[in-house]
Protein chains: 2
Amino acid sequence: MSRKNEILKVAESRVRTGGYNNVSHREIANEIGIKSASVHYHFKTKEDLGAELAHQYTDSFLHALGEPADMINSGENPVARYIELFRTALIRDKKMCLCGLLGAESDCLPDKVRFEIKRFFELNIEWVKQSYVLLTPDDAAHAKTRAIKLISVLEGALMMSKAMDDIELFDLATLDLDLVGSAGSAG
Amino acid sequence: MSRKNEILKVAESRVRTGGYNNVSHREIANEIGIKSASVHYHFKTKEDLGAELAHQYTDSFLHALGEPADMINSGENPVARYIELFRTALIRDKKMCLCGLLGAESDCLPDKVRFEIKRFFELNIEWVKQSYVLLTPDDAAHAKTRAIKLISVLEGALMMSKAMDDIELFDLATLDLDLVGSAGSAG
DNA sequence: GTCTATAATTTGATAGAC
DNA sequence: GTCTATCAAATTATAGAC
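Report on the accompanying structure. No experiment lies behind these values; they were computed from the predicted model shown.

Notes on the overall build of chain A
Inference 1: Regarding its fold elements, chain A presents 10 helices and zero strands.
Inference 2: Scanning chain A from its N terminus toward the C terminus, one meets helices and strands in the order α-α-α-α-α-α-α-α-α-α.
Inference 3: Its C-alpha atoms give chain A a radius of gyration of 18 Å, within 12% of the compact-globule value 16 Å for 187 residues.
Inference 4: The dimensions of chain A, computed from C-alpha atoms along their principal axes, are 55 × 30 × 30 Å.
Inference 5: Sorting the 187 residues of chain A into buried and exposed places 50% on the buried side.
Inference 6: Taking all contacts inside chain A whose residues are at least 6 apart in sequence as the whole, residues at least 24 apart take part in 66%.

Quick look at the structure:
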């Protein structure tokens, strides 16, 4: 793993644990065995580090999701996979969604970081919306609203599970979610 | 307003904007015209300040909610008021829920603060659960799960609205929520 | 090209002034 | 009782070593 990716990895862990102000050059440097000032060679400013971190997180997230159309062709429900990816963040990483936590802090973030957070949600809304359109073409008019509802409950469920230190809360919150039917048809 | 409450007010604004690490003694002090060290007279440590802030926020939130039984007696839907209180946080304050943001950072917070965040969500789940029990006694078995779902979507909707800097997202996410019927009956 | 010595600023806290 | 001078540690950044 390149030095740059080592830095991003440590930064991701720390930001997903406590937000933008929970990461510092020194802690990153200590963890990978360089001096804190060395981080500045790889990322000119902290703002640049944060922005590149969020951008890469978004790309990696979308890559893990894949293409809704492909999934449907192979008999998989893309919305179910979307939910599962959020669950993975909680179960495997034991951490928040990077862009969820940063999104909540948006008003105090540097411009470049805020821009990348927005990009994450725009692309996520579009991905889920497209999935709903493919799953239920007759209800295409509601696809975007349903996408926003789904992402909201997933981000909120992550947040509550961390707050209560109880993974089961996530499963309760995401029980019988809107997988296929029109908004609120599950249950 | 007492000095102590002045400090809490500034701290609340800053924490709700950027989390626990977004507040500092100096900024608090500057804003109210004292020296940063003076804050330590009113709150021994930052942990104590954070804990008292979260405790007071929780009490104030519950007080604004009132008693579900009273509301039902006077013909008001308590769940509708609950949703409205979250909306107020966004529209009037233009800020996150204090305990939502801190909850997402839970793993890096001092013990006393984490304890208060947990208390917020425990009391909120209980309040909403009780409301559902009163509204739909026949579905009492699902009341707690429905409460968790509702709080999740509200916290997530706040988060997304801040991330996208778009209040309308909150209204879309909370359109046709589970006000009375059993889980997922809305739509 | 990669990294570090060093610095300016900020942070949380103590010891003590009035 | 209320507040401040002062401090030790941490944070981001620069200038320059190798």
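Read on for the rest.
Comments concerning the layout of surface pockets
The rolling of a water-molecule-sized probe over the atoms marks out the regions of remaining empty space.
Residues and elements named next belong to chain A.
Inference 1: Taken as a whole, the second largest pocket encloses approximately 570 Å³ of empty space.
Inference 2: Put simply, the parts of the chain that give the lining of the second largest pocket at least two residues each are helix H1 (3-18), helix H4 (46-65) and helix H6 (78-91).
Inference 3: Grouping the constituent residues of the lining of the second largest pocket by class yields nine nonpolar, five polar and eight charged.

Topic: the protein's contact with DNA strand D
Inference 1: Looking at DNA strand D, there are 15 residues lining it, with His40(A), Lys46(A), Ala37(B), Ser38(B) and Tyr41(B) nearest.
Inference 2: The sugar-phosphate backbone supplies 65% of the atoms of DNA strand D found within 4 Å of the protein.
Inference 3: The separation between a phosphate oxygen of DNA strand D and a polar main-chain atom of Lys35(B) is 3.0 Å.
Inference 4: Listed by contribution, the elements that provide at least two residues to the surface near DNA strand D are helix H2 (25-32) of chain A together with helix H3 (39-42) of chain B.
Inference 5: Per-class residue counts for the surface near DNA strand D are five nonpolar, six polar and four charged.

Some words on the side chain of Lys95(B)
Inference 1: Along the chain, Lys95(B) falls in the loop between helix H6 (78-91) and helix H7 (98-104).
Inference 2: Here Lys95(B) is in contact with Ser13(B), Arg16(B), Thr17(B), Ala89(B), Leu90(B) and Lys162(B), once residues within four sequence places are set aside.

Remarks on the pattern of salt bridges
Inference 1: Tallying each qualifying case throughout the model produces 30 salt bridges over all chains.
Inference 2: For the salt bridge of Lys162(B) with Asp107(A), the shortest nitrogen-to-oxygen distance reads 2.7 Å. Taken together, the positions of Lys162(B) in helix H9 (residues 143-164) and Asp107(A) in the loop between helix H7 (98-104) and helix H8 (111-135) put the pair across two chains.
Inference 3: Accessibility expressed as a relative area gives 11% for Lys162(B), which makes it buried.
Inference 4: According to the relative accessible area criterion, Asp107(A) is partly exposed, its value standing at 41%.

Regarding the relation of the copies chain A and chain B
Inference 1: Superposing chain A onto chain B requires a rotation of 180 degrees together with a translation of 0.0 Å along the rotation axis, leaving an RMSD of 0.0 Å. On the angle and the small slide along the axis, the relation comes out as a two-fold axis.
Inference 2: Interface overlap between copies is the fraction of interface residues in one copy that are interface residues in the other; for chain A against chain B it reaches 100%, indicating a shared surface.

Looking at the environment of Trp127(B)
Residue and element names in this part refer to chain B.
Inference 1: Structurally, Trp 127 can be placed in helix H8 (residues 111-135).
Inference 2: On a C-alpha basis, the gap between Trp 127 and Thr 17 in space is 26 Å, while along the polypeptide they are 110 residues apart.
Inference 3: Every residue in contact with Trp 127, bar those within four places of it in the chain, is listed here: Leu 62, Leu 65, Gly 66, Pro 68, Met 71, Pro 78 and Tyr 82.

Some remarks on the protein's contact with DNA strand C
Inference 1: Taken together, 15 residues surround DNA strand C, and among them Ala37(A), Ser38(A), Tyr41(A), His40(B) and Lys46(B) come closest.
Inference 2: The share of sugar and phosphate among atoms of DNA strand C within 4 Å of the protein is 65%.
Inference 3: Contact distances for DNA strand C include 2.8 Å between a phosphate oxygen and a side-chain N or O atom of His42(A).
Inference 4: One nitrogen or oxygen atom from the main chain of His25(B) is found 3.2 Å from a phosphate oxygen belonging to DNA strand C.
Inference 5: The set of elements that each furnish at least two residues to the surface near DNA strand C consists of helix H3 (39-42) of chain A together with helix H2 (25-32) of chain B.

Topic: the nonpolar core
Inference 1: Counting residues in hydrophobic clusters, the biggest one holds 120 residues, and the most contacted among them are Tyr82(A) and Tyr82(B).
Inference 2: For Tyr82(B), the contacting residues outside a window of four places in its chain are Phe61(B), Leu65(B), Asn124(B), Trp127(B), Val128(B), Leu150(B), Ile151(B) and Leu154(B).

Thoughts on the interface of chain A and chain B
Inference 1: Listed by partner, the interface residues are 45 residues for chain A and 45 residues for chain B.
Inference 2: Surface buried jointly by chain A and chain B totals about 3700 Å² across both partners, of which 67% is contributed by carbon and sulfur atoms.
Inference 3: In terms of surface lost to chain B, no three residues of chain A exceed Met159(A), Met160(A) and Met164(A), which account for 18% of the buried area on that side.
Inference 4: Put simply, chain A and chain B have four residue pairs in polar contact (both at pLDDT 80 or more) between them.
Inference 5: Mapped onto the side of chain A that touches chain B, the elements with two or more residues apiece are H1, H7, H8, helix H9 (143-164) and helix H10 (167-173) of chain A.
Inference 6: Of the residues forming the side of chain A that touches chain B, the biggest block, 14 residues, is contributed by H9(A).
Inference 7: Broken down by class, the residue content of the side of chain A that touches chain B amounts to 21 nonpolar, 15 polar and nine charged.

Analysis parameters
Each chain carries its own residue numbering, running from 1 in the direction its sequence is written. To read the labels, note that chains go from A and ligands from 1, taken in the order they are written. It should be noted that, the model being predicted, local features are given only for residues of pLDDT at least 70 and side-chain atom pairs only at 80 or more, the latter also being counted only at that level, while totals for whole chains, interfaces and linings use all residues. The side-chain quantities take in all heavy atoms of the structure and omit both hydrogens and water. Elements are defined by DSSP. Helices are runs of H or I of four residues or more, strands are runs of E of two residues or more, and each kind is numbered from the N terminus. Atoms considered for the radius of gyration are the C-alpha atoms alone. The globule rule reads 2.2 Å times the number of residues to the power 0.38. Exposure classes here rest on a 1.4 Å probe applied to the protein chains alone. A residue is buried below 20% of its type maximum, exposed above 50%, and partly exposed in between. Contact definition: two residues touch when any of their heavy atoms are within 4.5 Å. Cavities and pockets were defined on a 1 Å grid built from protein atoms only: a cavity is a group of points that admits a 1.4 Å probe but offers it no way out, a pocket is an open group of points flanked by protein on both sides within 12 Å along at least five of seven lines, and a lining residue is one with an atom within 4 Å of any such point. Grid points are joined across faces, edges and corners, and a volume is the space filled by probe spheres set on the points. Residues are sorted three ways: Asp, Glu, Lys and Arg are charged, Ala, Val, Leu, Ile, Met, Phe, Trp, Tyr, Cys and Pro are nonpolar, and all the rest, Gly among them, are polar. One heavy atom within 4 Å of a molecule or strand is enough for the residue carrying it to be called near that molecule or strand. A 3.5 Å cut-off defines polar contacts: any pair of N or O atoms within that distance qualifies, except that in protein one atom must be a possible hydrogen donor and the other a possible acceptor, and neighbouring residues in sequence count only when both atoms are side-chain atoms. Any Lys or Arg side-chain nitrogen found within 4 Å of a carboxyl oxygen on Asp or Glu counts as a salt bridge. Least squares is used to superpose the copies, and the fit set is the C-alpha atoms of residues whose pLDDT is at least 70 in both copies. Here, the term nonpolar core denotes a set of buried Ala, Val, Leu, Ile, Met, Phe, Trp, Tyr and Cys residues that are joined through side-chain atoms within 4.5 Å. Throughout, buried area stands for the accessible area (probe radius 1.4 Å) lost by two parts on being put together, summed over both.

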